[in-house]
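# Report on the structure
Residues per chain are reported as follows:
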Amino acid sequence: MQKSAKYALIACVAVVLLGGFAFWWFVLRSDAPERASVPVRTESTVPTDPTDPGGAPSPDGTWRIAPADDVFAGYRIQELFAGETIKNTAVGRTPAVTGTMTITGGSVTEASIDVDLTKLASDQSRRDSFIRGNALQTDSFPTATFRLTEPIALPSGIVVGQSVEVTAVGELTLHGVTKQVELSLRATWNGSTISVAGGTQVILADYGIDPPRLPIVTADDVGELEVQLVFERA
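One structure accompanies this document, and this report is about it.

So, how was this worked out
Residues numbered from 1 in each chain as written. Predicted model: local features only at pLDDT ≥ 70, side-chain atom pairs only at ≥ 80, totals over all residues. Heavy atoms only, no water. Helix = DSSP H or I, 4+ residues; strand = E, 2+ residues; numbered from the N terminus. Buried < 20%, exposed > 50% of the residue type's maximum accessible area, 1.4 Å probe, protein only. Contact = heavy atoms within 4.5 Å. Areas by Shrake-Rupley, 256 points an atom, 1.4 Å probe, with all protein chains shown as cover. Salt bridge = Lys/Arg side-chain N within 4 Å of Asp/Glu carboxyl O. Pairing = 2+ DSSP bridges. Arc of directions from axis to C-beta.

### Observations concerning the overall build of the chain
When you go through the chain residue by residue, the secondary structure sums to two helices and 12 strands. From first element to last, N terminus to C terminus, the chain shows the α and β order α-β-β-β-β-β-α-β-β-β-β-β-β-β. When the 234 residues of the chain are sorted by exposure, 41% land in the buried category. Considering only intrachain contacts with a sequence separation of at least 6, the fraction spanning at least 24 residues in the chain is 67%. About 12,900 Å² of surface is accessible on the chain, with carbon and sulfur atoms providing 57% of the total.

### Describing unusual backbone geometry
One non-glycine residue with positive phi stands out, namely Gln137, at about 50°. Its place among the elements puts Gln137 in the loop between helix H2 (125-135) and strand E6 (143-148). The partly exposed category is assigned to Gln137, whose relative accessible area is 31%. Here His175, not a glycine, exhibits a phi torsion of approximately 60°, which is positive. Examined against the element boundaries, His175 turns out to sit in the loop between strand E8 (163-174) and strand E9 (177-189). By relative accessible area, His175 is classed as buried at 10%.

### Observations regarding the environment of Met101
Mapped onto the elements, Met101 comes out in strand E4 (residues 97-104). The exposure class of Met101 is buried, given its relative accessible area of 8%. Each C-alpha atom of the pair Met101 and Arg147 lies 9.9 Å from the other, and the pair is 46 residues apart in sequence. Among residues more than four places away in sequence, those in contact with Met101 are Gly61, Thr62, Trp63, Val108, Glu110, Ala111, Ile194 and Phe231.

### Re the environment of Ala234
Looking at where Ala234 falls in the secondary structure, it is placed in the segment after strand E12 (222-233). In sequence terms Ala234 and Ile65 are 169 residues apart; their C-alpha atoms lie 8.7 Å from each other.

### A word on the environment of Leu204
Here Leu204 is to be found in the loop between strand E10 (193-203) and strand E11 (217-219). Taking the C-alpha atoms as reference points, Leu204 and Gly223, 19 residues apart in sequence, are found 7.1 Å from one another. Excluding residues that lie within four positions of it along the chain, Leu204 makes contacts with Ile77, Ile209, Pro211, Asp220 and Asp221.

### Focus on the pattern of salt bridges
Scanning the entire structure with this criterion turns up 10 salt bridges. For Arg35, the salt bridge goes to Glu224, with nearest N and O atoms at 2.5 Å. Residue Arg35 is found in the loop between helix H1 (2-28) and strand E1 (61-65), and its partner Glu224 is found in strand E12; the two are separated by 189 residues along the sequence. Using a relative accessible area of 47% as the deciding quantity, one classes Arg35 as partly exposed. Take Glu224: its relative accessible area is 26%, and that puts it in the partly exposed class. The salt bridge partner of Glu165 is Arg186, with a shortest N-O separation of 2.2 Å.

### Re the pairing of E1
Consecutive side chains along a regular strand alternate between the two faces of the sheet. Taken together, the four bridges between E1 and E4 define a ladder with antiparallel strand orientation. Bridged to Arg64 within E4 is Thr100.

### Remarks on H2
Among all positions in H2, only Arg127, Asp128, Ile131 and Ala135 are buried. The buried residues of H2 occupy an angular sector of 100° when the element is viewed end-on, so they sit on one face. Opposite the buried face of H2, at more than 90 degrees from it, the exposed residues are Ser125 and Arg126. At the C-terminal side of H2, Gln137 shows a positive phi close to 50°.

Here it is, written out as structure tokens:
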């Protein structure tokens, strides 16, 4: 009997340990990707595109978002387990991003971005299902949009390969609600493409979004909107 009890105890401990490992592996283990960064484009693969009759390169013109493996929009938010004892960074992204921008006289005068939220995906299908049906309710609100409302002045004499930091002021429509936001962006003009990355904080309540409140996990009330884009000449 003592030997049986000993084996039973060992089995129970093994189950607990394996269960804890499985919970960590499938739920808590953080495989969150790095934050959005400016996609790398080099002159060896992306030649300059002179628009000046004299041959001087210029970023002036109309640009559109080019489909690419490193183009996406998405969210980043903290999940809280056991109150705030354990934290996990949840990241979801969609490559279905379209849009255009216009640069005239050294300023971005127009910009428009549309994001298909129905294609958002993270490393957890259960999280994705909850977001589709509850938080973002993408069946009812499938698209998020950003519209520039103020011109963005670019540094004078900008040259190919130069990285700049700018703030894009515009209207973000999310979950059927439109609010003015400021996107902090870093951009690099590569010649025939412009790489852009950055984002902004989003207070979920401002957009009528209820963060998850489940028995074992809740989400922070504030998340981040991230974009990583490459524009090509339209």
